[in-house]
Amino acid sequence: MKRKNEYIRAGIFTALSRRIDFWLVGAMALLIAFSCLMIFSAAYKSTYEVNTAYYARQVSFALAGFLVLIFLMGMDYHLLEEYAWLVYMASILLLVLVLFMGKYVNGARSWFSIGDFTLQPSEFTKIALVIMLSRYIDRLLLRRDLKGFGSLAAPFFLTLIPMALILLQPDMGSALMFFPVLMGILYLGNVGISHIIAFLGFSGMALGIPLFLTYAGQKQIQHGMITEFFAKVLGYFPYALVMMAVIIMIFYLVYYFLVKLKFNISIKYFIVTSAVFLSGMLASYPLQLFLKQYQKQRLIAFINPNIDPFGTGYHIIQSQVAIGSGGFLGKGFLQGTQGQLGFLPVQHADFIFSVITEEFGFMGAIVLSVLFLIILLRGIRIAVTARDRFGSLLAGGIVWLLFVEIVINLGMTMGMMPVMGVSLPFISYGGSSLLSSMAAVGILLSIYGRRFTH
Amino acid sequence: MWQNTESFQEKRLHNNLQHLQYFTIAVFVILILRLFFISIIKGSYFQKISEDNRIQIFTLPAPRGIIYDRKGKVLVDNRLSFSVLLSPINLKREILEKTIVRLNGVLESVNDYKPGMTGNVCLAEDVEPEKIFYLSEQKHNFPGMRIQVRPKRHYPYGAFAAHLIGYLGQISKRELEDPVHVGYKKRDIIGKTGLEKIYDRFLRGRDGNEQIEVDVNGKPLRMLSHQDSWMGDHLILTVDKNIQDTCEAVLRGKKGAICVLNPKNGEVLAMVSKPDFDPNIFIENTSPLQYRKLFNDPELPMFNRVIQSQQSPGSVFKIITAISALEEGAVDLETTYNCHGSFLLGRGRRSREFKCWKEGGHGRMEIIDAIAHSCDVYFYQAGLKTGVDSISEYAALFGLSALSGFCMPSEERGLIPSARWKREKTGECWYPGDTVNMSIGQGYVLVTPIQMANLASFVAGRGVLYEPFTVRRIIDTEGNIIRTFRPKVKKRVKLKQQTWDIIQRGMREAVTSGTCRGVNFRNLAVAGKTGTTQNPHGDDHAWFICYAPVEDPQVAMSVYVEHGGHGSSAAVPLARKILENMFNLKEEEIVEIFEIED
């Protein structure tokens with residue numbers, strides 16, 4: 001009797017483990033539990049009055065997130081392929097609506113306020129975009145039609161529309177997130193490495209020149225001669241045109257000699273390279289006017305906190321101080337002075353990793369990183385074992401999205417990446433971020449559960 | 001499964017996912033390396049910053065030691081004052097600026113705050129209590145502000161003994177570099193002159209500090225450590241407030257100096273220089289204009305005349321001339337010179353006439369009468385007979401042209417000329433006329449009031465001089481004696497007993513029947529000598545030195561009145577009032593007769 005029960009139990013477990021990736025769910029659940037704990041800590045002031053509002057909200061969002069997760073897990077992800085346009089358009093509509101009906105918080109209209117809760121549509125747009133791009137690339141691959149440059153126009157526009165809407169809020173950090181997401185999915189979809197390099201070259205020029213000029217314009221930093229020279233040339237449009245001409249001539253000479261040396265290289269490469277550089281450079285000038293000085297400063301402050309010492313630079317320094325002062329084992333739960341005494345601003349949102357490291361030290365951060373790594377690697381595993389190409393692309397895209405968010409956030413707290421206001425999935429305070437991250441896991445589980453089904 | 005199909009595209013997708021996996025792992029390795037660098041390798045560095053963030057150190061200035069007079073009366077103490085500090089370390093600029101604008105509305109002047117300053121900045125000192133009440137009530141509206149109660153030096157009697165006690169000021173860059181001031185910090189308050197300077201090490205005490213945990217708005221949360229400040233050690237002076245008061249009173253409105261010593265041990269009982277200044281103005285926030293006015297005043301209020309004023313002593317110097325003449329045997333008790341109003345030096349056409357101050361002359365004079373009546377003609381001849389070198393030798397023996405040994409720096413030495421000195425200085429040789437001038441203390445001779453007080457002390461002690469000193473004891477706050485200053489014999493001069501007898505009799509007779517009958521008391525035997533410095537630029541300067549009682553000297557003093565006129569009319573009455581007060585004498589006991597000497 002007893003034996004039979006055990007079999008039944010084992011059977012249920014085996015059956016479930018075929019449908020559910022327990023590693024993934026377990027790592028996620030641990031992260032969320034940790035998050036609730038840390039949000040409690042971050043809201044806990046040494047004045048001994050605990051602001052439980054954040055904590056309670058995060059817990060209720062986590063519970064709602066589990067409902068969403070179960071719903072998505074049960075749903076066939078092919079429905080997402082079928083209704084990708086609907087999802088995408090709905091998210092675009094939300095982005096438009098938030099511009100008019102959104103709540104004005106910290107100088108941006110990014111939030112819907114529903115009763116006591118706020119929702120940030122840009123978080124959901126990321127998932128919708130991944131679904132849309134996966135579907136689109138799947139269709140392209142079906143037609144074996146990814147060679148042409150023209151077929152890439154559609155993914156670009158699909159990405160640019162939500163990006164532009166988010167920039168209008170304005171929330172530059174979330175908007176800039178879309179570029180790496182697009183690049184990753186294009187790479188997974190086998191678009192061709194040359195297209196991606198071309199695109200990286202273009203966006204590098206377009207964004208890099210304004211940022212470089214901002215950096216060179218910082219009086220408080222000692223600049224080298226090379227920096228000063230390029231700043232002078234790029235800062236004055238006619239000089240920049242002359243420099244462009246010189247660069248294109250150099251390209252042509254290189255091409256010419258390669259051909260003379262009997263390399264069989266199409267002139268297409270020369271033209272494309274030149275076009276990318278030229279267009280990137282031309283695009284940089286309107287972008288320079290469009291981006292505000294403080295936005296540019298914020299993006300480059302991680303190079304040198306002195307660029308914005310009282311704004312972003314302050315966050316960068318204090319975040320590193322929090323991480324560094326934790327040492328190996330940390331100061332102990334609720335004992336972190338940087339977080340508890342308010343030296344680290346918005347400590348429960350974007351900089352929660354610093355608070356965690358301050359209180360739990362290097363070891364705590366390692367545990368956290370390992371949990372993230374489990375989620376990502378299991379996600380890739382799901383993408384590999386997916387039943388069809390759409391599933392594989394969708395899972396890969398979602399993993400890539402989570403990866404980009406995690407890396408940008410961690411890099412930001414450790415002073416390696418620009419401060420872009422990207423939250424840490426599963427950990428940061430914020431219902432929308434938590435819901436969308438859990439929805440992403442729900443979709444992964446849906447793909448996982450249906451890997452054998454035909 | 002689709003992976004098993006031969007499709008080239010799908011194989012590539014599989015490969016790309018593999019790439020993603022490697023990429024993910026590689027990036028995480030980089031992140032963890034960075035994490036290791038920050039939290040392990042640079043951990044201690046960031047720990048220190050984190051501590052600096054949350055801990056603010058406030059200095060608690062120590063109250064300076066109290067200065068008492070010899071009878072335990074408080075001469076200098078401290079009062080409480082409120083300061084408004086700003087600790088801008090962790091505050092964002094906008095918050096700070098708001099605080100400063102708000103504070104500007106409450107306090108009239110918010111001094112020297114510049115953006116980017118760190119550490120505690122004192123915004124305003126000596127703020128009125130009403131404003132402090134308001135600020136402490138509204139504390140939450142002024143993040144980063146802190147109110148500190150600071151002890152401030154207080155001179156309750158204002159200018160009382162200002163030159164002796166000195167004044168305070170912020171330590172200057174030069175003083176800070178001086179190895180004497182090891183352990184002093186920037187912005188420390190330090191004694192600039194007088195006893196405040198000399199005994200600064202004892203008086204200043206030790207500043208305490210408080211380590212306070214603050215939040216990002218600079219709001220104090222709890223105290224982590226507290227170290228009380230230690231009050232400085234107290235000084236007990238030899239000065240008697242009563243005597244000093246009298247001296248200040250008699251010199252009020254005049255220019256000059258009085259120095260009262262105890263000839264038996266060298267204690268300074270009173271030391272006054274007028275005009276003076278109020279040291280309190282250096283404590284309060286005084287405008288630079290006021291400072292300049294004080295330092296550029298033609299009346300020289302900052303000038304301590306007791307040790308810095310150099311003038312010819314006039315007839316007071318006759319004591320030295322008499323001593324050298326007696327010792328060298330140039331004159332003795334029986335030597336007489338006839339004074340008929342003038343003395344002719346040299347013969348024939350080149351002769352020069354030196355007048356006695358008394359037009360009709362004194363008649364036949366012996367040495368005691370000559371001292372008592374200050375007969376110039378007698379001393380012209382006695383001096384000529386003794387010679388310049390002997391006179392300067394004896395002057396040096398009595399501490400003229402040398403530092404008095406008094407603790408204050410910036411003391412002047414005065415000058416006693418000699419033949420050699422004149423040759424080196426002017427290139428001219430020494431004429432007998434110079435000796436004539438010198439023997440009555442005119443010409444090149446320069447002395448300071450404290451040297452004259454020492455001279456009186458010398459005569460009173462019959463050749464024993466104690467070093468003048470002003471601090472008897474240094475005690476700490478619990479009353480333990482840190483240091484006791486004992487009388488120190490500075491000089492002993494061996495002269496014939498007869499010489500001392502003659503000088504003392506001469507000075508005594510000057511009081512009873514001579515030039516300084518103004519101090520002739522019935523119940524107190526005073527011995528003295530007046531002097532008048534001829535001043536071609538204005539009124540003469542008056543001198544008087546005396547000691548009393550003659551049998552058992554307890555006090556020796558010198559009175560110097562700049563542009564006062566004759567010694568007997570300008571200086572003696574001041575000494576009279578001082579002695580009256582010291583020995584509780586009544587006015588009617590004074591025989592009021594003036595004899596004007598020149």
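What you see is a predicted model; the values in this text were computed from it and never measured.

Take a nonpolar patch on the surface next. Residue and element names in this part refer to chain A. Residues Leu93, Leu94, Val96, Leu97, Phe100 and Met101 make up a contiguous nonpolar surface patch of roughly 570 Å² in combined accessible area. You can see Met101 is positioned in helix α5 (residues 84-101). What makes Met101 exposed here is its relative accessible area of 57%.

What follows covers helix α18 (residues 449-460) of chain B. Residue and element names in this part refer to chain B. Given a rise of 1.5 Å per residue, 12 residues ought to cover 16 Å, and the 17 Å separating the end C-alpha atoms of α18 matches this to within 8%. Within α18, 12 of the 12 residues are buried, leaving the element largely enclosed by the surrounding structure. Taken as a whole, α18 has its buried residues at Pro449, Ile450, Gln451, Met452, Ala453, Asn454, Leu455, Ala456, Ser457, Phe458, Val459 and Ala460. Just downstream of α18, Arg462 is the residue with a positive phi angle, here 50°.

A word on the interface of chain A and chain B. With 56 residues of chain A at the interface, the matching set in chain B holds 43 residues. The tally of links from chain A across to chain B stands at zero salt bridges. Viewed at the interface, chain B and chain A are joined by seven residue pairs in polar contact (both at pLDDT 80 or more). For the side of chain A that touches chain B, the secondary-structure elements that each account for two or more residues are α8 (172-188), α14 (312-326), α15 (337-340), α16 (352-385) and α17 (389-413) of chain A. Top element by residues in the side of chain A that touches chain B is α16 of chain A. It accounts for 14 residues. Across the side of chain A that touches chain B, the residue classes break down as 31 nonpolar, 19 polar and six charged.

Another aspect to go through is the pattern of salt bridges. One pass over the full model with this rule turns up 31 salt bridges over all chains. A salt bridge links Arg389 of chain A to Asp138 of chain A, with the shortest nitrogen-to-oxygen separation between them at 3.0 Å. With Arg389 of chain A in helix α17 and Asp138 of chain A in helix α6 (residues 121-142), the pair connects residues that are 251 residues apart, well separated along the chain. Under the relative-accessibility criterion, Asp138 of chain A is labelled buried at 9%. Among the ionic pairs, Glu424 of chain B bridges to Arg420 of chain B, the shortest N-O distance being 3.5 Å. Highlighted residues: Glu424 of chain B and Arg420 of chain B, both in helix α16 (residues 419-426), separated by four residues, approximately one helical turn.

Moving on, we get to the sheet that holds strand β1 (residues 103-105) of chain A. Residue and element names in this part refer to chain A. Judged by pairing direction, the sheet is antiparallel, and its three strands sit side by side in the order β1-β2-β3 without closing on themselves. Each edge of the open sheet is held by one strand with a lone partner, namely β1 and β3 (117-119). Within this sheet the neighbouring strands show an average axis-to-axis angle of 50°, counted without direction. Where β1 meets strand β2 (residues 108-114), three bridges bridge the pair, whose relative direction is antiparallel. Bridging from a neighbouring strand, Tyr104 pairs with Arg109 of β2. Of the strands in this sheet, β1 and β2 are in contact with α5, which crosses β2 at around 95°.

In this model, Gln169 of chain A is joined to Pro170 of chain A through a cis peptide bond whose omega is -5°. Among the structural elements, Pro170 of chain A can be located in the loop between α7 (153-167) and α8. A cis amide bond links Lys274 of chain B with the next residue in sequence, Pro275 of chain B, at an omega value of -5°. Along the polypeptide, Pro275 of chain B turns up in the loop between β12 (268-274) and α10 (288-296). Residues other than glycine seldom take positive phi values, yet Phe426 of chain A does so here, at roughly 70°.

Following the criterion strictly, the structure yields 39 aromatic pairs over all chains and no others. Between Phe199 of chain A and Phe202 of chain A, the aromatic rings sit 6.4 Å apart at their centres with planes inclined by 40°, giving tilted as the arrangement. A residue pair is termed a helical-turn pair when its members lie 3 or 4 positions apart in one helix, as Phe199 of chain A and Phe202 of chain A do in helix α9 (residues 193-216) at three residues. Look at Phe202 of chain A and you get partly exposed, because its relative accessible area is 28%. Seen from their ring centres, Phe354 of chain B and Tyr380 of chain B are 5.6 Å apart, and the 55° between their planes marks the pair as tilted. With Phe354 of chain B in strand β15 (residues 352-355) and Tyr380 of chain B in helix α14 (residues 376-386), this residue pair connects regions lying 26 residues apart in the sequence. Residues Phe354 of chain B and Tyr380 of chain B agree in their burial class; the two are buried. By the ring-pair criterion, three or more aromatic residues cluster together here, those being Tyr252, Tyr255, Tyr256, Phe257 and Phe270 of chain A. The positively charged end of Lys268 of chain A is found above the aromatic ring belonging to Tyr269 of chain A, 6.0 Å away from the centroid. When the ring centre of Tyr448 of chain A is taken as reference, the NZ or CZ atom of Arg451 of chain A above it lies at 4.0 Å.

In this section: the domain arrangement of chain B. All names here are of chain B. Parsing chain B into structural domains produces domain 1 (2-41), domain 2 (55-158 + 208-236) and domain 3 (241-589). Taking only C-alpha atoms into account, the centre of domain 2 sits 49 Å from that of domain 3. Each partner contributes to the interface: domain 2 provides 19 residues, whereas domain 3 provides 18 residues. Interface area for domain 2 against domain 3, summed over the two sides, is near 1,700 Å², with a carbon-plus-sulfur share of 56%. In this assembly, domain 2 and domain 3 are joined by one salt bridge. Note that Glu267 is salt-bridged to Arg70, the shortest N-O span being 2.8 Å. Where domain 2 touches domain 3, the interface holds six residue pairs in polar contact (both at pLDDT 80 or more). Of all the secondary structure elements, the ones that give two or more residues to the side of domain 2 that touches domain 3 are β3 (74-86), β5 (145-154) and β10 (234-237). In the side of domain 2 that touches domain 3, the residues fall into six nonpolar, four polar and nine charged.

Residue and element names in this part refer to chain A. As for its position among the elements, Glu359 is in helix α16. As a buried residue without a salt bridge, Glu359 has its nearest oppositely charged side chain in Lys331, at a separation of 8.7 Å. Sequence-distant contacts of Glu359, that is, excluding residues within four places in its chain, are made with Met38, Ser41, Leu329, Gly330, Lys331, Gly332, Phe333, Leu334, Gln335, Gly336 and Gln340.

Before going further, it helps to spend a moment on the pairing of β2 of chain A. Residue and element names in this part refer to chain A. Hairpin geometry of β1 and β2 is characterised by an intervening segment of two residues between the two adjacent antiparallel strands and by a positive phi of about 50° at Asn106. Across three bridges, the pairing between β2 and β3 is antiparallel. Bridged to Ser113 within β3 is Thr118. Hairpin geometry of β2 and β3 is characterised by an intervening segment of two residues between the two adjacent antiparallel strands and by a positive phi of about 60° at Gly115.

Thresholds applied
Residues numbered from 1 in each chain as written. Chains lettered and ligands numbered in written order. Predicted model: local features only at pLDDT ≥ 70, side-chain atom pairs only at ≥ 80, totals over all residues. Heavy atoms only, no water. Patch = residues over 30% accessible without salt bridge, like charges linked within 9 Å, V, L, I, M, F, W, Y side chains within 5 Å. Areas by Shrake-Rupley, 256 points an atom, 1.4 Å probe, with all protein chains shown as cover. Salt bridge = Lys/Arg side-chain N within 4 Å of Asp/Glu carboxyl O. Helix = DSSP H or I, 4+ residues; strand = E, 2+ residues; numbered from the N terminus. Buried < 20%, exposed > 50% of the residue type's maximum accessible area, 1.4 Å probe, protein only. Expected span 1.5 Å × (residues − 1). Contact = heavy atoms within 4.5 Å. Polar contact = N/O pair within 3.5 Å; in protein donor to acceptor, adjacent residues only side chain to side chain. Nonpolar A, V, L, I, M, F, W, Y, C, P; charged D, E, K, R; others polar. Pairing = 2+ DSSP bridges. Axes fitted to C-alpha atoms, helices over the stretch in contact; angles between N-to-C directions. Phe/Tyr/Trp six-rings, centres within 6.5 Å; stacked < 30°, edge-to-face > 60°. Lys NZ or Arg CZ within 6 Å of the ring centre and 35° of its normal. Domains from an automatic or database assignment. Buried area = accessible area lost by both parts, 1.4 Å probe. Lys, Arg positive; Asp, Glu negative; His and termini not counted.

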